[in-house]
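# Residue-level structural notes
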Amino acid sequence: MADSRFLLCRADFVLPLAPPDRGLVIEDGYVLSEGGTLREVGRFTAAVGRRLTESLGSAVTVVGGSDGNTVPRLRGVVMPAFVKAHGHDHEQALIGVAKDRPLTWWLDHAVNPFTRFLSHNERELEEALGRPPYEVIYRAARLNDIHYGITATMVHHCNWAKYHVEELVRVNEAAGTTMVVAIGGQDRHYVAELLDRPEDALRRLERAVELSSDGRTTFCPGPDQLFSNSREILVPLKRWAREHGTLFHTHSSEEPATTRWFTEAVEPGLSEVEYADRIGILDSATVLAHQVNCGPRDVEILAARDVAVVHNPLANTILGSGMPPLLDMLAAGVRVAVSTDGSGSADNQNILAAARLAAQYQRALHQDATLLPALELLELVTSAPARILGLDQGELRPGAAADWVLLDLTRPNLVPTRADNLVANLIWAADGSEVDTVVARGRVLKRAGELLPFADGASPCEVLASVQTLSELFARHLATAPELRGTGVHR
């Protein structure tokens, strides 16, 4: 599919998820983008087809078309691309590592030793892989997002990965995705080798903001966990965010044992949210990941401060962390998005599966099948996270970013699909593999089910083969490496 000024796609259904009628399903619909912006979204007719083909001519590329004179009606649905409000690109090689253990044990037996392994053996690994090891892992993470239709993400960049931001920027620009990088740090209750001074964390931020050249990558403070950061580092980082007009992103109240320990021993008598509120870092630009184990006043505080929460049901259940009081949050007016977390804890980036699990858990817990209907769930992985991240996407409307996906409705699990059951089927029947075409800012990243090469020519096959090699090297290293300890209650 050649690069063209205009990109046109016609499908059986278009699901804009945009006001004024967010549940509108357009039968025989189309989207037209010019460059990185959506120009038209609507119902396709013969007159529309003639107008577009005659006026645009060779300047338009038609998805699924062999020439500019025909606009085939594809058996699929065009909808906004997914937005992931919390994840970790450095975890991609950790699928299946250190499973069946709680969070802090897993961090010290998977994430921390892996990122340490990459950093301490960087030169040897680059020789073996043909690329810097962090770049290899970041490319694989971008492929996994694109595979599942995710074109924008907030990446929480912590552990030893916090020293390797330049590679992440380079890979994100080559991938064509949009990224907010929350640059991590910690000054207590963590692996000693990783502890920061406030000036260290601020210096990393200042260096990072000079890196992005095409505007696809932006930065914000991302202190790793509230339990691992004291007020001495959190307050200046939040001051930096306010001065620069950025978000502020951290993990909060994720694991039950660590949350209890925090209240009993780290900040006696305070929940993590109460601690954050007391030191003045909660406001509408604060985004908390997880917030699973809430104290009695936490939801009230989050609503009063207009804090956003990113719910990660895949990771929260796999790690046995629990699930947040999601319905209480929504009822109180807390802004919520559903996300996947990193592939090391969630084991995939299937964001539709995350949305489905969020509802299944709440429906079973409360014995109420009416909770979290499919349309609301789709918004929690598109428009809601886009608003939290300040991105003009997550809706199909003229003037928005041209980030959209085409899902294949010929798959057996999605037959039959009609206009009246389309939204329900995307949540309850889809398995995530139906993403046929992915477009980000008007650039095609996946076509006919195949991931396309990066802008710098790196092929998906090359990237995935390198990650396989890297994972095998790490497994051999891990078998004899000394145990890391120091994270949270894993001391």
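Residues numbered from 1 in each chain as written. Predicted model: local features only at pLDDT ≥ 70, side-chain atom pairs only at ≥ 80, totals over all residues. Heavy atoms only, no water.

## Considerations on the sheet that holds strand S13 (residues 335–338)
With parallel pairing, 4 strands are arranged side by side in an open sheet as S10-S11-S12-S13. Edge strands, defined here as strands with exactly one partner in the open sheet, are strand S10 (248–252) and S13. Shown here is a sheet whose adjacent strand axes are inclined to one another by a mean of 25°, direction ignored. (Pairing = 2+ DSSP bridges. Helix = DSSP H or I, 4+ residues; strand = E, 2+ residues; numbered from the N terminus. Axes fitted to C-alpha atoms, helices over the stretch in contact; angles between N-to-C directions.)

## Quick look at the nonpolar core
Judged by nonpolar contacts, the single largest core of 113 residues is most densely connected at Leu15, Met79, Leu378 and Leu470. At 8 residues, the largest contribution of residues to this core is made by helix H2 (residues 103–120). Judged by nonpolar contacts, the second largest core, of 18 residues, contains Leu7, Ala11, Val63 and Val78. (Core = buried A, V, L, I, M, F, W, Y, C linked by side-chain atoms within 4.5 Å. Buried < 20%, exposed > 50% of the residue type's maximum accessible area, 1.4 Å probe, protein only.)

## Description of the pairing of strand S14 (residues 404–408)
By the criterion of burial, S14 is predominantly enclosed, with 5 of the 5 residues buried. One ladder, built from 5 bridges, connects strand S5 (residues 74–80) with S14; its direction is antiparallel. What sits directly across from Val78, in S14, is Leu406. Bridge count for S14 against strand S15 (residues 435–440) is 4 bridges, and the pairing is antiparallel. Looking at S15, one finds that Trp404 is bridged to Val439.

## A closer look at the layout of surface pockets
Approximately 210 Å³ is the volume found for the largest pocket. Taken together, the residues that form the lining of the largest pocket break down as 9 nonpolar, 4 polar and no charged. (1 Å grid on protein atoms, 1.4 Å probe; cavity = no way out; pocket = protein on both sides within 12 Å on 5 of 7 lines; lining within 4 Å. Points joined across faces, edges and corners; volume = space filled by probe spheres on them. Nonpolar A, V, L, I, M, F, W, Y, C, P; charged D, E, K, R; others polar.)

## Some thoughts on the packing of aromatic side chains
Counted according to the given criterion, the structure contains 6 aromatic pairs. Cation over ring: Arg101 sits above Trp105, and NZ or CZ is 4.4 Å from the ring centre. Positioned over the ring face of Phe454 is Arg139, at 5.1 Å from the centre of the ring. (Phe/Tyr/Trp six-rings, centres within 6.5 Å; stacked < 30°, edge-to-face > 60°. Lys NZ or Arg CZ within 6 Å of the ring centre and 35° of its normal.)

## Overview of helix H1 (residues 46–56)
Turning to H1, its buried residues number three or more, namely Val48, Gly49, Leu52, Thr53 and Leu56. Axial view of H1: buried residues confined to an arc of 115°, hence all on one face. Those residues of H1 that are exposed and angled more than 90 degrees off the buried face are Ala46, Glu54 and Ser55. Buried residues along H1 sit against strand S1 (6–14), strand S2 (26–34), strand S3 (37–43) and strand S4 (60–62). (Arc of directions from axis to C-beta. Contact = heavy atoms within 4.5 Å.)

## Some remarks on the side chain of His249
For His249, the location among the structural elements is in strand S10. The exposure class assigned to His249 is buried, which follows from its relative accessible area of 0%. Ignoring anything within four residues of it in the chain, the contact list for His249 reads Ala85, His86, Met154, His156, Ala182, Cys220, Pro221, Gly222, Pro223, Val287, Leu288 and Ala289.

## A closer look at the side chain of Thr178
When you line up the elements, Thr178 lands in strand S8 (residues 178–183). Given the relative accessible area of 7%, Thr178 is considered buried. Every residue in contact with Thr178, bar those within four places of it in the chain, is listed here: Thr151, Ala152, Thr153, Asn172, Arg216, Leu391 and Arg441.

## Notes on the sheet that holds S8
Taken in spatial order, the 4 strands make up an open sheet running S6-S7-S8-S9, and their pairing is parallel. Both outer strands of the open sheet, strand S6 (82–87) and strand S9 (217–221), are each paired with one neighbouring strand and no more. Direction aside, neighbouring strands of the sheet carry axes that sit 15° apart on average. Sheet analysis places strand S7 (residues 150–157) next to S8, joined by 6 bridges and oriented parallel.

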